[in-house]
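Single-letter residue listing:
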Amino acid sequence: FFLSAGPEGLEVEEGYLTWLALPGGGQAKLGKFRADFGKFNRTHPPETPFADRPLAAEIWLGGEGLAISGVSASILIPNPANLYWDVIAQVGAAPDSLESPVFGPERREDVLALGRTSVFIPFGESIDLNLGVSYANARSNPALRADGERAQLGAADLTLRWKNPRRSIYRSLLVQVELLGGRGSADGAPTRGGGYGYAVYQFARQWKAGARVDRSDAPGGGDRANGALALLQYQPSEFSTLSLQLRRVHDRTSDTDRDAAFFKWTFNIGPHGAHPY
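Residues numbered from 1 in each chain as written. Predicted model: local features only at pLDDT ≥ 70, side-chain atom pairs only at ≥ 80, totals over all residues. Heavy atoms only, no water.

Q: What exactly am I supposed to notice about the pairing of strand E1 (residues 2–6) here?
A: Summarising the sheet, E1 and strand E2 (residues 9–19) pair through five bridges and their orientation is antiparallel. Bridging across to E2, Ser4 finds its partner in Glu11. Two successive antiparallel strands, E1 and E2, enclose a turn made up of two residues. (Pairing = 2+ DSSP bridges. Helix = DSSP H or I, 4+ residues; strand = E, 2+ residues; numbered from the N terminus.)

Okay, here's the thing in C-alpha cells:
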C-alpha cells in the first residue's frame, strides 16, 4: 500500500495484491495501481527526478498520473536473442473526468483497457536500452465527446542508461524520451499529442545535473505549450536527496511565459521497495 497525505486528507495512491509465480511464468496483481502506460507514469511523482511532471504527462494523464482499479497480468515472451521482453494487459475502472483530462466513465461497466510491451537490450556491461509501446482505450471525457464516445491514447518510450561498474558511484547517465498521442473514435477525429525528453548526468559522487524539454498539445485542440527545466541535485546519503530546479513554460497560444523555481527534498526512512526499471 502507498498512502499520501494532503489538504484533503489521507489517500490511497496504490493498494494491491501480487501473484509472482503463475503458471507459464506469468504474474498478476489486483487492486488499485499506477497504469503501465508509457514510462514516466509508472513512478510515483516524489520518486522522479523532478518537482513537477512533464507537460505531456500532466496534460494528457492528469496531475497525479493515470491509475487503474482492476486487474493486471504480465508475461515474458521467449525470443531467440534471450532478451527480457514483457507484455502487460490491464483492465479496470477508469479515473473519472475530474481526475483524467482524457477519460471519463459514466457507468460502472465503463472500463479502461490497456496494453504495453517493452524490451530490455543490454550493450555490454555499461550501457542498456529499454524500448516500449503502450495503448489505452476507454470512454472519453465529456468535454471530448465531439471526437467520439471512446478515447484512445498511444505512447512510445526509450530509456538509455550508462554506468561504468568500475566507477559507478562517480559517473552515470540516464536519458529518457517519451512521445504520446490521442484521438477519439469518430471518423476523421484529429490526432493530437506531445512528448518530452530529459537527461540526468552524475558528474561526482554526490552530485547530478539534468535538463528536460517538453512540448504538448491539449486534448480537444486547446492551448499548446513548450517547456524547459534545469536541475542540480545533491545526495548527502542514499536516504536523502536535495534538488534545485528552474522551469520555464511558453504558452504558444497566448505567446506568454511562466517561470518557476523549485526546491525538492526527498527522504526515505527504513526499507524501500524496488523501483520498476
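Q: Looking at this structure, how should I read the pairing of strand E5 (residues 84–93)?
A: Each regular strand carries side chains that alternate between the two faces of the sheet. Bridge count for strand E4 (residues 67–76) against E5 is eight bridges, and the pairing is antiparallel. Across the sheet, the residue bridging to Ala73 is Ala89, located in E5. Note: E5 against strand E6 (residues 111–123), ten bridges, orientation antiparallel. Across the sheet, the residue bridging to Gly92 is Leu112, located in E6.

Q: How do you make sense of the packing of aromatic side chains when you look at a structure like this?
A: Think of a pair of aromatic rings as described by two things: how far the centres are apart, and how the planes are tilted against each other in angle. One pass over the structure, following the stated rule, counts seven aromatic pairs. For the pair Trp265 and Phe267, a centre-to-centre distance of 4.9 Å together with 40° between the ring planes defines the contact as tilted. Linked through ring pairs, Phe40, Phe50, Tyr196 and Tyr198 together constitute an aromatic cluster. The ring of Tyr16 has Lys29 sitting right over it, with the charged end atom 4.8 Å from the ring centre. Positioned over the ring face of Phe50 is Arg212, at 4.7 Å from the centre of the ring. (Phe/Tyr/Trp six-rings, centres within 6.5 Å; stacked < 30°, edge-to-face > 60°. Lys NZ or Arg CZ within 6 Å of the ring centre and 35° of its normal.)

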